[in-house]
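# Chains, contacts and geometry: an overview
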Amino acid sequence: MTVPVIAIDGPAASGKGTIAQRTADALGWHYLDSGALYRLAALAALRAKVSFDDPAALTAAAQSLAPQFKDGRIWLDGEDVSEAIRAETVGVAASKCAAVPGVRQALFDLQRRAAAAPGLVADGRDMGTVVFPEAKLKIFMTASARVRAERRVKQLEARGEKADLAALTRDLEERDRRDRERAVAPLKPAADARLLDTSEMGIDEVVKKVLGWWSELN
Ligand code: C5P
């Protein structure tokens, strides 16, 4: 039996993570935060002081990645890095790692293995186009640049971190441009994706929309 997959892709801070997690909870399914894997690869490379201009070294760092996922926390080499990988600097570094074909290849199997019964909701940039092309429901989630930057500011402030709206807007734009323009698995909607602009929508409303689309298909 093939495992049902809902793929949610979109630019940084478009709300995919929250929506994917809530949708998975509502359905009693697994949830894959594929961005966390790229963030882990970036954190490992930053800590090993690997040059971000060295694709072979970045690939080797991704290949030797052995993260553990326990009770909603992420561990790397015996350390809980759940907060460390969320830093905006790690997000920007992740988008550099993510442009390296060898890094994407190294993380591909880890992502495919997340598809387990009774189902998977996966979020990222290439879930519907590359990793789970068989997904029955594909969503490309967007929100205006301003709304996305404001949401990220709120997330950072909720964690007690200082956030500068102008600097964050620049980081998000830089990351999105790199994600859209890279040669491998660029950020783009799958041909059969449904577009969802969440700029004017609340979380509950978006989850309801996704669950509605899923039940329409079944
Ligand atoms: O989603 P998140 O912001 O955590 O992702 C961090 C970075 O990882 C993105 O900017 C993107 O470059 C990369 N990424 C990717 N493909 C995915 C998920 C994330 O290239 N499926």
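Residues numbered from 1 in each chain as written. Predicted model: local features only at pLDDT ≥ 70, side-chain atom pairs only at ≥ 80, totals over all residues. Heavy atoms only, no water.

### Re the UniProt feature "domain: Cytidylate kinase" (unreviewed entry) in the chain
- Listed under "domain: Cytidylate kinase" (unreviewed entry) in the UniProt record, and renumbered for this structure, are residues 6-211.
- Between the end C-alpha atoms of residues 6-211 there is a gap of 10 Å, over a span that is 50% helix and 16% strand. (UniProt positions renumbered as here; feature names shortened; annotations may be inferred. Helix = DSSP H or I, 4+ residues; strand = E, 2+ residues; numbered from the N terminus.)

### Side note on the sheet that holds strand β8 (residues 194-197)
- Read from one edge to the other, the open sheet built from 5 strands follows the order β2-β6-β1-β7-β8, with strand pairing classed as parallel. Since the sheet does not close on itself, it has two edges, and those belong to β2 (30-33) and β8, each with one partner. Across the sheet, the mean angle from the axis of one strand to that of its neighbour is 20 degrees, orientation sign disregarded.
- Relative to β2, helix α2 (residues 34-47) is tilted by about 40 degrees, and along the sheet it contacts β2 and β6 (120-124). (Pairing = 2+ DSSP bridges. Axes fitted to C-alpha atoms, helices over the stretch in contact; angles between N-to-C directions. Contact = heavy atoms within 4.5 Å.)

### Quick look at the domain arrangement of the chain
- Split by domain assignment, the chain resolves into domain 1 (1-29 + 118-213) and domain 2 (35-115).
- Once you take the C-alpha centre of each, domain 1 and domain 2 turn out to be 19 Å apart.
- With 22 residues of domain 1 at the interface, the matching set in domain 2 holds 17 residues.
- Overall, the association of domain 1 and domain 2 removes approximately 1700 Å² of surface from exposure, summing both partners, and the carbon and sulfur fraction of that is 56%.
- Of all residues in domain 1, the largest losses of buried area upon contact with domain 2 belong to Val131, Arg175 and Arg178, amounting jointly to 28% of the total for that side.
- Taken together, the links from domain 1 to domain 2 amount to 4 salt bridges.
- The shortest N-O distance in the salt bridge between Arg152 and Glu88 comes to 3.2 Å.
- Across the domain 1-domain 2 interface, the total number found is 6 residue pairs in polar contact (both at pLDDT 80 or more).
- Listed by contribution, the elements that provide at least two residues to the side of domain 1 that touches domain 2 are β6, α6 (127-131) and α8 (165-181).
- Sorting elements by how many residues they give to the side of domain 1 that touches domain 2 places α8 first, with 7 residues. (Domains from an automatic or database assignment. Buried area = accessible area lost by both parts, 1.4 Å probe. Salt bridge = Lys/Arg side-chain N within 4 Å of Asp/Glu carboxyl O. Polar contact = N/O pair within 3.5 Å; in protein donor to acceptor, adjacent residues only side chain to side chain.)

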